[in-house]
Amino acid sequence: MRTAIYTRVSKSDGSQDPENQLRELKTFCERQGWDVAEVYTDFASGKRSDRASFKRMMTDASKSKFQTVLFWAMDRFSREGIEATLMYLRQLEGYKVGFRSYQEPFFDSAGPFKELMIAMFASFASLERAKISERTLAGLAKAKAQGRVGGRPKRSEEHTSELQSPCNL
């Protein structure tokens, strides 16, 4: 099986090295009899989707350059939240590319718990959205109770009438 290996560390200042992940993942591929098609490594926070190697890996997945993605652990794959991570896993599934977490073998698209794990991720994503909404509303209520007014500053009447003048249209 042609496999992509994805590794990620948060810092590029030399204090973190993806080599430990890479060594173990390559050894795992050898034991499984998998061919390593490509290694993708990012030195960036997993909270952002603009990681160059991650984006290239997803593009290559869409072109069927490999059949599965192996990563150290789910938090190395993405830390953008459950909803975004679920979206990436579904994207891979749509490309007919599997996934496997080395440290969390239950996150395996070929495993018996695949549908259960995706359903659980979807449920957690829904709960996460609800919690974010509740926290936002609670924060707005607190600010209002403290007398703060949200939104953009009100325009002065002079400035508003200038903007509505037919000469400015």
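Residues numbered from 1 in each chain as written. Predicted model: local features only at pLDDT ≥ 70, side-chain atom pairs only at ≥ 80, totals over all residues. Heavy atoms only, no water.

## Considering the side chain of Asp-60
Looking at the secondary structure, you find Asp-60 in helix α2 (residues 52–62). A distance of 2.6 Å separates the side chain of Asp-60 from the side chain of Tyr-40, its partner in a polar contact. Excluding anything up to four places from it in sequence, Asp-60 contacts Tyr-40, Lys-65 and Phe-66. (Helix = DSSP H or I, 4+ residues; strand = E, 2+ residues; numbered from the N terminus. Polar contact = N/O pair within 3.5 Å; in protein donor to acceptor, adjacent residues only side chain to side chain. Contact = heavy atoms within 4.5 Å.)

## Comments concerning the sheet that holds strand β2 (residues 35–43)
Taking strand neighbours across the sheet as the criterion, the 4 strands line up as β2-β1-β3-β4 in an open arrangement whose pairing is parallel. The two strands at the open ends of the sheet, each matched to only one other strand, are β2 and β4 (98–101). Between one strand and the next, the sheet's axes are offset by a mean angle of 20°, whatever the strand orientation. Where strand β3 (residues 68–71) lies against β4, 4 bridges are found, and the strand directions are parallel. Bridge assignment links Leu-70 to a residue of β4, and that residue is Arg-100. Strands β1 (2–9), β2, β3 and β4 of the sheet are contacted by helix α1 (residues 19–32), whose axis makes an angle of about 165° with β1. Of the strands in this sheet, β1, β2 and β3 touch α2, which is tilted by about 150° from β2. (Pairing = 2+ DSSP bridges. Axes fitted to C-alpha atoms, helices over the stretch in contact; angles between N-to-C directions.)

## Section: the nonpolar core
Counting 19 residues, the largest nonpolar core has Tyr-6, Met-57, Phe-66, Val-69, Phe-77 and Leu-92 as its most contacted members. Looking at this core, the elements with two or more residues in it are β1, α2, β3, α3 (74–77) and α4 (82–94). Among residues more than four places away in sequence, those in contact with Leu-92 are Met-58, Ala-61, Val-69, Phe-77, Val-97 and Phe-99. (Core = buried A, V, L, I, M, F, W, Y, C linked by side-chain atoms within 4.5 Å. Buried < 20%, exposed > 50% of the residue type's maximum accessible area, 1.4 Å probe, protein only.)

## Describing the side chain of Ser-78
By secondary structure assignment, the location of Ser-78 is in the loop between α3 and α4. Classification of Ser-78 as buried rests on a relative accessible area of 5%. A polar side-chain atom of Ser-78 sits 3.2 Å from the main-chain amide nitrogen of Glu-80. Contacts of Ser-78, omitting those with residues within four sequence positions, involve Gly-46, Arg-51, Thr-85 and Tyr-88.

## So, the packing of aromatic side chains
Per the counting criterion, the structure on display carries 10 aromatic pairs. On the basis of an interplanar angle of 75° and a centroid distance of 4.8 Å, the ring pair of Phe-54 and Tyr-88 is categorised as edge-to-face. Placement of Phe-54 in helix α2 and of Tyr-88 in helix α4 is noted, with a sequence separation of 34 residues between them. Of the two residues, Phe-54 and Tyr-88, neither departs from the other in class, the shared state being buried. (Phe/Tyr/Trp six-rings, centres within 6.5 Å; stacked < 30°, edge-to-face > 60°.)

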